[in-house]
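# Structural overview for review
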Amino acid sequence: MKHHLRAGHVLRQTFRHLFLALLVIAWLVPILWLVLSSFGIDKGPNVSSFFPRAYTLDHYRALLLPGNDGVNQFPTWFMNTLMIASVTCLVSTMMVLMVAYAMSCMRFKARKGLMNMAIIMNLFPGFLSMITVYFILKSLNLLNNMWSLVLVYTSGAGLGYLVAKGFFDTVSKSLREAAYLEGANEATVFWKIILPLSKPIVIYTAITAFLGPWMDFIFASFILANADVSQRTVAMGMFRMLYKDNRNNYFAQFCAAGVLVSIPISGLFVLMQRFYVEGITGGSVKG
């Protein structure tokens, strides 16, 4: 009987690992093909074979040193996106953390009502508001300006407070009460007691806030539809490389751009992985 149970357990584990291996392969093969295409000698899509006929760095050189290229302005796009994502990350992180602290550690009228309203609003995808956002920005003459994206990304950031609130709920209440007895106000408690003890959730919130504008295409293409090439983001610029007229000459540069764009995010996750996981698990306890 034990032999049959052990054999059945081994069989289930074998199928489980085979299934997971297939999922990993299905996930990694497109990424590997993109990386190989970025080093291949073909300028357009290589659909005849998985591996390139020969390898070169010319596409990376052309991408990073575009000169007067009217299609490729990758260094400018990269810096635009980096500035937008960095400012958004800073502002959104502080808004989320302050709202989360208020909802977790302070008691005031309409607190539960505001929390429920925020949760309900988060059930709707953000892109449903595109038409409204467009006409508001148009009336304020803020269209085709990349800094308008920062305004859009940060305006509703505080609604994403729930995970951070769950983490703040785990911080001992006695620490705050001891600070109050010493004469500390809410700002002092937040900056000098709560935040130093909340590094995982701060890093998790910052990475999440950075990822949104770094990878966004929908709002960027909507708000910067008629902007100058130098005002565009990486996502918009890379999409332009796939236009029918540009695809055969810029597809390999598109793949190279995809590799370069992934480096900052990959580096952040490698360096901050431990804090990122702690932020998720800690924030899910009481969130």
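Residues numbered from 1 in each chain as written. Predicted model: local features only at pLDDT ≥ 70, side-chain atom pairs only at ≥ 80, totals over all residues. Heavy atoms only, no water.

### Examining the nonpolar core
Note the following rule: Definition of nonpolar core: a set of buried residues of the types Ala, Val, Leu, Ile, Met, Phe, Trp, Tyr and Cys, connected through side-chain atoms within 4.5 Å. Relative accessibility thresholds used throughout: buried, under 20% of the residue-type maximum; exposed, over 50%; partly exposed, between the two (1.4 Å probe, protein chains only). Going along the chain from the N terminus, every DSSP run of H or I of four or more residues is numbered as a helix, and every run of E of two or more is numbered as a strand. Contacts are assigned to residue pairs that have any heavy atoms within 4.5 Å of one another.
Ranked by size, the top nonpolar core spans 27 residues in total, and within it Leu-63 and Phe-74 carry the most contacts. At the level of elements, helix 2 (58–64), helix 3 (74–105), helix 10 (199–215), helix 12 (234–241) and helix 13 (247–283) are the ones that each hand at least two residues to this core. If one sorts the elements of this core by residue count, helix 13 sits on top with 10 residues. When sequence neighbours within four positions are dropped, the list of residues in contact with Leu-63 reads Asn-72, Phe-74, Pro-75, Met-241, Gln-253, Ala-256, Ala-257 and Leu-260. Grouped together as the second largest cluster of nonpolar side chains are 21 residues, Ala-100, Ala-118, Ala-157 and Ile-194 included.

### Digging into the pattern of salt bridges
What counts here: By definition, a salt bridge exists where a carboxyl oxygen of Asp or Glu is found within 4 Å of a side-chain nitrogen of Lys or Arg.
Overall, the coordinates contain three salt bridges when judged by the stated rule. Among the salt bridges present, the one from Arg-53 reaches Asp-42, with a minimum N-O distance of 2.6 Å. Here Asp-42 lies in the loop between helix 1 (2–39) and helix 2 and Arg-53 lies in the loop between helix 1 and helix 2, a separation of 11 residues in the sequence. Note on Arg-53: relative accessible area 62%, which makes it exposed. Looking at Asp-42, the relative accessible area reads 21%, which means it is partly exposed. Residues Asp-58 and Arg-61 are paired through a salt bridge, measuring 2.5 Å at the closest nitrogen-oxygen approach. With Asp-58 and Arg-61 both in helix 2 and three residues apart, the pair spans about one turn of that helix. We classify Asp-58 as partly exposed; its relative accessible area is 43%.

### Some details on the packing of helix 3 against helix 6 (residues 146–155)
Stated formally: Here an angle of 0 to 180 degrees is reported between the N-to-C directions of two axes, which are lines fitted to C-alpha atoms, with helices fitted over the stretch in contact. When an angle is under 35 degrees it counts as roughly parallel; over 145 it counts as roughly antiparallel; between 65 and 115 it counts as roughly perpendicular; any other value is oblique. Working rule for handedness: look at the near helix, and if it is turned counterclockwise from the far one by less than a right angle, call the crossing left-handed; if clockwise, right-handed. Residues were grouped as follows: Ala, Val, Leu, Ile, Met, Phe, Trp, Tyr, Cys and Pro as nonpolar; Asp, Glu, Lys and Arg as charged; and all remaining residues, including Gly, as polar.
Where helix 3 contacts helix 6, the two axes come as close as 9 Å, and the packing angle between them is 25°. As judged from the angle between their axes, helix 3 and helix 6 are roughly parallel. Along this stretch, helix 3 crosses helix 6, giving a crossing that reads as right-handed. Residues Asn-80, Met-83, Ile-84, Val-87, Thr-88, Val-91, Ser-92 and Met-95 of helix 3 lie in contact with helix 6, whose contacting residues are Met-146, Trp-147, Leu-149, Val-150, Tyr-153, Thr-154 and Ser-155. Class assignment of the residues belonging to the contact of helix 3 with helix 6 gives a composition of 10 nonpolar, five polar and no charged.

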